[in-house]
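# Structural description and commentary
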Amino acid sequence: MNTQSEDLEIRQASESDLPSILQLYAQLNDDLGQVLPIEQAQVVFERINSYPDYKVYIAVAGPEVVGTFELLIMDNLAHLGAKSGVVEDVVVHQAWRSYGIGKKMMEYAQARCREAGCYKMALSSNLRREDAHRFYDNLGFERHGYSFRVSTEPQPEA
């Protein structure tokens, strides 16, 4: 393993990167290690790429994909029309954590947001992920407001 994060390349993902990206997502416990089948992932990836400012990025060290994140840059009617960035699905390969890869990915995302004229970049993190919270705190993210969600899955009838 190369521990030099200077050798890290961050680039937009291509469809051929999907197997590596899915392997990274399998390391998260959110879905108990389950990931989309490759055929379904290809359909979703194509849909993501149809949006003008929604991209999947990967961090590559040598031949290995060691991290990934998604970045949506969206227009707003509020905030005097200033754009905002939303980061999703951040993961660094377990063997590559604590080598500055996540930091470099978030710096890259912030730079894309700055270039696009975003007034903020936001992300949400599961309450159970205390290590991730410390990571974002250390990067200067501010805990701001609350994140709310509601399930849109059909509920069984009582």
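Here is a short report on the structure shown in this document. (Residues numbered from 1 in each chain as written. Predicted model: local features only at pLDDT ≥ 70, side-chain atom pairs only at ≥ 80, totals over all residues. Heavy atoms only, no water.)

Nonpolar side chains in soluble globular proteins generally cluster together in the buried interior. Among the nonpolar cores identified, the biggest contains 22 residues, and Phe-69, Leu-71, Val-87, Ile-101, Met-105 and Met-106 are the most heavily contacted of them. Looking at this core, the elements that each hand over two or more residues are strand E1 (8-12), strand E2 (54-61), strand E3 (64-74), strand E4 (83-92), helix H3 (101-116) and strand E5 (118-122). In this structure, Leu-22, Tyr-54, Val-56 and Val-91 belong to the second largest nonpolar core, which totals 16 residues. (Core = buried A, V, L, I, M, F, W, Y, C linked by side-chain atoms within 4.5 Å. Buried < 20%, exposed > 50% of the residue type's maximum accessible area, 1.4 Å probe, protein only. Helix = DSSP H or I, 4+ residues; strand = E, 2+ residues; numbered from the N terminus.)

A word on helix H1 (residues 18-26). Listed in full, the buried residues belonging to H1 are Leu-18, Ile-21, Leu-22, Leu-24 and Tyr-25. One side of H1 holds all its buried residues, which, seen down the axis, span an arc of 155 degrees. Here the buried face of H1 lies against helix H2 (38-50), E2, E3 and E4. (Arc of directions from axis to C-beta. Contact = heavy atoms within 4.5 Å.)

Right, let's get into the packing of aromatic side chains. Here the distance between the centres and the angle between the planes together describe a pair of aromatic rings. All told, the structure shown has 3 aromatic pairs when counted by the stated rule. Judged by centre distance (5.6 Å) and plane angle (75 degrees), the rings of Tyr-51 and Tyr-54 are edge-to-face. When the ring of Tyr-57 is compared with that of Tyr-108, the centres are 5.4 Å apart and the planes differ by 65 degrees; the resulting orientation is edge-to-face. Of this pair, Tyr-57 sits in strand E2 while Tyr-108 sits in helix H3, and the two are 51 residues apart along the sequence. (Phe/Tyr/Trp six-rings, centres within 6.5 Å; stacked < 30°, edge-to-face > 60°.)

Take unusual backbone geometry next. A positive phi is found at Leu-80, a non-glycine position, where the angle reads about 55 degrees. The backbone of Asp-89 sits at a positive phi, close to 55 degrees, despite the residue not being glycine. Mapping Asp-89 onto the fold places it in strand E4.

A few words now on the pairing of E4. Both E3 and E4 contribute to a ladder of 7 bridges, which runs antiparallel. In the strand pairing of E4, Ile-73 is matched with Gly-85. Bridge analysis of E4 against E5 gives 4 bridges, and the strand direction is parallel. Residue pairing for E5: Lys-83 is matched across the bridge by Cys-118. (Pairing = 2+ DSSP bridges.)

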